[in-house]
Amino acid sequence: MRIHVGVKSFADLLERLVYTRSRNAKIKLIADYLRGSPDPDRGWALAALTGDLDFRSVKAGLIKTLTEQRVDPVLFKMSRAYVGDMAETVSLLWEPPPGEQAQVEDVRLAEVVDRLMHLGRAEAPAAMAHYLDVLNPSERFALIKLATGALRIGVSARLAKTALAQAFDLDVDAVEEVWHGLAPPYPELFDWGEGRTAQPTHEDIPVFRPFMLAHPLEDLQVDLADYVAEWKWDGIRVQLNHVKGDTKLFSRTGDDVTGSFPDVAEAFTEHGVIDGELLVRGEAQGGVEGGAASFNALQQRLGRKTVTKKMLAEAPAFVRAYDILFDGAEDLRDLPWTARRERLEAFVARLPSDRFDISAVVAADHFEHLSTIRERARDAAIEGLMLKRRDSRYVAGRKTGLWYKWKRDPLLADCVMMYAQRGSGRRSSFFSDYTFGCWTEEGELVPVGKAYSGITDEELRQLDKFVRGNTIARFGPVREVEKSFVLEIAFDSIHHSTRHKSGIAMRFPRIHRLRTDKPAEEADKVATLEAMIV
Amino acid sequence: MATLGDWIKPHPTGIYVEPGDFWIDPSEAQPMAVVTHGHADHARSGHGHVLATPETLAIMETRYGTYPAATPAEMGEVQRIGEVDVSLVPAGHVLGSAQIVMDYRGERIVASGDYKRRPDPTCAPFQPVPCDVFITEATFGLPVFRHPDTEEEVRKALDALHANPERCVLVGAYALGKAQRVIRHLRDLGHDDPIYIHGAQERLCTLYQDLGVNLGPLVLATGKKKDELKGRIIVCPPGALNDRWSRRLPDPITAMASGWMRIRQRARQRNVELPLIISDHADWDELTETILEIAPKEVWVTHGREDALLHWCMTRQIRARALSLVGREDEDD
C-alpha cells in the first residue's frame, strides 16, 4: 500500500475531494488515506477535515499581507475578486523569489503542523512565506486551507468521521461518542481502530452521545398499549451534558452549540445527559400552556457564536426534556423508556423550572382518538406527534419500530415554476432544483421557495424536459423558464422572513404533485400563503 | 503626425480599418471582412467578401457553406487592400489562425486575434512581429492563470483511463481546435486506440484530417453499446458533458479541457471530475512576455480581463488602452 506522509499526498487528497461529488466516493478517498498514512500525520489530516485544527499565529490576514508583499496588490485584488476563494487565489499567484525552485522533497505533514503550532507571532510570516515558496500551487492550497481552518471543500465533520469508521471497521456512532473527548492528532482513535486498545472512554468530560431518531409513521397504526405519545415540538433537538462543572449543548449532528445558548447552559448544573427540544419562550406552540414560540423566533438565536443581552432578554431559551441518557455517571440507555421517564422526571425536578420542563405525555384512549388530537396540532404550531415504544432502549440512530414521528398533514400551495438548476450526484444531468413563485395582488410572480425533492424519476424526466423546452433566459447555471408549469408544493409551516423578497419562507418545502392540469394564472397568491402563517 | 493608429476605428462589433475599408472579425455582416480564425465569435456568416487563410476559409465553409467571394491568403503573403498592405502570420491559436499585420503610411499595427505561445501539434506556432501597435486579447489576463505543461495534463486523462478500465473518460473540448489538439496530443503520447467522438465534432475532425492533421482512428460515439465504450476516451462538446447525451455512457469520468479549469470552482460548477488545464489562449505569462518581446509603442487590449493587463502595462510604462468588443467571451475554451 502507498504510504502517505507528506503535504503532497494531503494536497492530492484535497484535490480529489474537491472534484468528487459522490458521498461514498469521498468516504472511500478519506478512508484509503487514513489507512495508508502513519501517525501522527493522518491524525492531523483528520483534524483538518473535521475542522478541529487551529493555529493561533496563522490567520487569513497574515496570508493576505504576505501575498501583498509578493504580488502587485492591484492584481491580487482583481484575482481575488475573480477566483472567489482566498486560499485558491494565493496558491495560484504566489511568486517564489527568482531562483527558488519548488522542492522535490516532500515535507512531512506532522512536521508542518508542529512548526505552525509552535510559531510565535513574530516568526509566523517568515515561516509561512518559506512554505509557500517551496510548495507547488496544489500544495500551497492545501497548506493555506490547513493553516487557516475552514476547508470548505464539501466535506463535513460527520463525513470525515464516517470515513474513519469505514477505514477501520468501527461503528460511526461509537466514533462520534468518543470523538468529543479526544484532541488531534487522536492517537487513541487509531490505536482503537487498529485493535491495539479498547474503545476510549470519557467519564470526566461532557462528550456528545449519538441521538436516538425516529422514522415517519406513514400509514402505520400502532397500539397505544405499546406506545406512548408526546407532542413533537418545533425547535431544535439538543443534548445537554454536564460533568464536573463543565456543560455542553450539542445539536443533532454533534455540533457544539453551547455558545449560542449560554442562558440554558448556565442553568444545567446537574451531572448527567438529557435529550430535549430547545425552544424560545412564547405562545405560538400550544398557547399559554405550551409556552413556546414558533421555530421562526428560535431561528434568530441559531448559528451565533455570541449572543447579546438584548437577545437573551427578548428570546429566552429553554429546553423541553424528552429523555435521559445518563444520570450522574450512570448510563441509563439500556433501560426501557418507562424506567427512563421516571428517572427523567426526578432529574428535571432538580433543575430550574424556568429553563427546563418535561415534554408532557399526550393522553389518548385509542389511536383514532390520538388522530383527532393530532389534527388540532396545526393551530398550536406544533409539528405533530411522537410515538415511542414503551419498552424501547435509547438506541443511536433510527431503528425501525422504536420511535415514530407522526407529523401533521403538510400545508399545500399551488406555485408556478420560475427557475431551474441542475442537481448533483445521480441527478447531475437533470434540471432538478426548482424555484417557484406565487402571485402578488399586482399580478406579479415572486419567488416563495425552492424545492428539489418529492418527485419520482419519471416526474423528474417530465420536469427536465419542460425546462429544456421552455428556457427563456440563462444566468450561469440557472435557467429562467416560461411561467406556465404549476407545482403543488407541500410544506410543514410558513413564516415571515426578511431574507426573501416575498416576505415569507416555507419550512421543508417539497414537490407534492405536478399540476399539469392547472393554468399558471390559477396558482395561489402570496396573500393566501401569508394567511397560513401562525 | 496624427495620433498613433488613428486610421483604425474600434467598434463594439469589430475593428474597422478605414483606409482599406475593411473590418477585422466583425460580429455583424460587412461588405469586406478579414477573419483571424474560424471560431464562431470571430468568423460569422453573411459577409460580402472574406479574406482569410485557406484553412480558416475551409473551416468557415464547413460551418456555413461555400462563400461567394473569398480570397485565400497564404501566410506571409502581402495583399493590398485599399491603401493598406495586409499580410497574415501564424497566431498559434487553432488551425489556420492568423494575426493580421497592417502597414499604412509607415505605421504597423498587428491584430493578434486569439493566440497562444506554447507548442500545438495541430497548427503553426505564433510568430512575433515587431510593430507600433499590438492588439492583444486578454481572455486569461489575470496572474492566477498559468497553464501547466500540456502533455502532463493530457497524460492525466490517460492515467484516469488506465486506472478505471470499467469506465470511460469523457473529455469536453471545444469542437474547433481544442478537440483535435487533445486527440493529437493523445496520439503523441502513444494512445493508438480508436477515440470516440460526439457527432457535433465529426465534420471538423474530418476537415482537420483532410488538411493534413493526422488524428488516428476516430469513431462516432452516438448509438454505441456501453460495453464497447468501456475503457475508451470519448471527446464531446462541453455542453454535452452533463447532458442527456452522456447519460448512456458507461459511468464516465467527466473531464474538461479548458484554461478555466485552473479555477476549482469553475470546474465544480460544470460537475467536472478531472479538470485538464489546456487552453488555446495565451496565459498570463505568455500575454505579458509577448508584449515585452514585441515591445510595441502601444498595446490595445480587446477582450477578456483587460483591467489587469492594462494595470500591468501601466506599471511598466507601456502605453495601453482597452477596446471594448462585444460577444467575445470564450466561456468554453
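Cut-offs and rules
- Residues numbered from 1 in each chain as written.
- Chains lettered and ligands numbered in written order.
- Predicted model: local features only at pLDDT ≥ 70, side-chain atom pairs only at ≥ 80, totals over all residues.
- Heavy atoms only, no water.
- Helix = DSSP H or I, 4+ residues; strand = E, 2+ residues; numbered from the N terminus.
- Rg over C-alpha atoms; globule rule 2.2 N^0.38 Å.
- Buried < 20%, exposed > 50% of the residue type's maximum accessible area, 1.4 Å probe, protein only.
- Contact = heavy atoms within 4.5 Å.
- Areas by Shrake-Rupley, 256 points an atom, 1.4 Å probe, with all protein chains shown as cover.
- Lys, Arg positive; Asp, Glu negative; His and termini not counted.
- Charge placed at Lys NZ, Arg CZ, Asp CG, Glu CD.
- Domains from an automatic or database assignment.
- Buried area = accessible area lost by both parts, 1.4 Å probe.
- Salt bridge = Lys/Arg side-chain N within 4 Å of Asp/Glu carboxyl O.
- Polar contact = N/O pair within 3.5 Å; in protein donor to acceptor, adjacent residues only side chain to side chain.
- Phe/Tyr/Trp six-rings, centres within 6.5 Å; stacked < 30°, edge-to-face > 60°.
- Pairing = 2+ DSSP bridges.
- Axes fitted to C-alpha atoms, helices over the stretch in contact; angles between N-to-C directions.

**Some remarks on the overall build of chain A**
Next, step 1: Regarding its fold elements, chain A presents 20 helices and 21 strands.
Next, step 2: Relative to the globule expectation of 24 Å for 534 residues, the C-alpha radius of gyration of chain A, 26 Å, shows essentially globular dimensions.
Next, step 3: Overall, the C-alpha framework of chain A stretches about 80 × 65 × 50 Å when taken along its three principal axes.
Next, step 4: Here chain A, with 534 residues, has 54% of them falling under the buried criterion.
Next, step 5: Sequence-distant contacts, at least 24 apart, represent 69% of the contacts inside chain A between residues at least 6 apart.
Next, step 6: Summed over its atoms, the accessible surface of chain A is roughly 24,100 Å², and 50% of this surface lies on carbon and sulfur atoms.
Next, step 7: Of note, chain A has its 73 positive side-chain charges centred 3 Å away from the centre of its 81 negative side-chain charges.

**Focus on the domain arrangement of chain A**
Residues and elements named next belong to chain A.
Next, step 1: For chain A, the assigned domains read domain 1 (212-407) and domain 2 (411-530).
Next, step 2: Computed from C-alpha atoms alone, the centre-to-centre distance between domain 1 and domain 2 is 33 Å.
Next, step 3: Taken together, the contact between domain 1 and domain 2 spans eight residues of the former and seven residues of the latter.
Next, step 4: Taken over both partners, the interface formed by domain 1 and domain 2 buries close to 550 Å², and the fraction arising from carbon and sulfur atoms is 41%.
Next, step 5: Connecting domain 1 to domain 2 are two salt bridges.
Next, step 6: Salt-bridge contacts for Asp-234 lead to Arg-507; the nearest nitrogen and oxygen are separated by 2.6 Å.
Next, step 7: One can count two residue pairs in polar contact (both at pLDDT 80 or more) joining domain 1 with domain 2.

**With respect to the domain arrangement of chain B**
Residues and elements named next belong to chain B.
Next, step 1: Here chain B is described as being made up of domain 1 (8-144 + 281-322) and domain 2 (150-276).
Next, step 2: One C-alpha centre belongs to domain 1, the other to domain 2; they are set 29 Å apart.
Next, step 3: If you look at the interface, domain 1 gives 19 residues, while domain 2 gives 19 residues.
Next, step 4: Summing both sides of the interface, domain 1 and domain 2 together bury roughly 1,700 Å²; the carbon and sulfur share of this comes to 71%.
Next, step 5: Broken down residue by residue, the surface that domain 1 buries against domain 2 is led by Thr-62, Pro-121 and Thr-122, which jointly contribute 30%.

**So, the packing of aromatic side chains**
Residue and element names in this part refer to chain B.
Next, step 1: Applying the stated rule across the entire model yields 20 aromatic pairs over all chains.
Next, step 2: Residues Phe-145 and Trp-260 carry aromatic rings whose centres are separated by 5.5 Å and whose planes lie at 85° to one another, so their mutual orientation is edge-to-face. Of this pair, Phe-145 sits in the loop between strand S11 (133-138) and helix H2 (150-163) while Trp-260 sits in the loop between strand S16 (253-257) and helix H6 (264-269), and the two are 115 residues apart along the sequence. With respect to burial, Phe-145 and Trp-260 carry one shared label: buried.

**Comments concerning the sheet that holds strand S13 (residues 195-197) of chain B**
All names here are of chain B.
Next, step 1: Read from one edge to the other, the open sheet built from six strands follows the order S14-S13-S15-S12-S16-S17, with strand pairing classed as parallel. The strands lining the two open edges of the sheet, one partner per strand, are strand S14 (218-220) and strand S17 (274-276). For this sheet, the mean inter-axis angle between neighbouring strands, taken without regard to orientation, is 25°.
Next, step 2: Bridging between strand S12 (residues 169-172) and strand S15 (residues 233-236) involves four bridges; their strand directions are parallel. Paired with Val-169 across the two strands is Ile-233, which belongs to S15.

**Considerations on the pairing of strand S10 (residues 384-389) of chain A**
All names here are of chain A.
Next, step 1: For S10, the buried fraction is high: five of the six residues fall into the buried class.
Next, step 2: Pairing geometry for S10 and strand S12 (residues 403-407), over five bridges, is antiparallel. Looking at S12, one finds that Met-386 is bridged to Lys-405.

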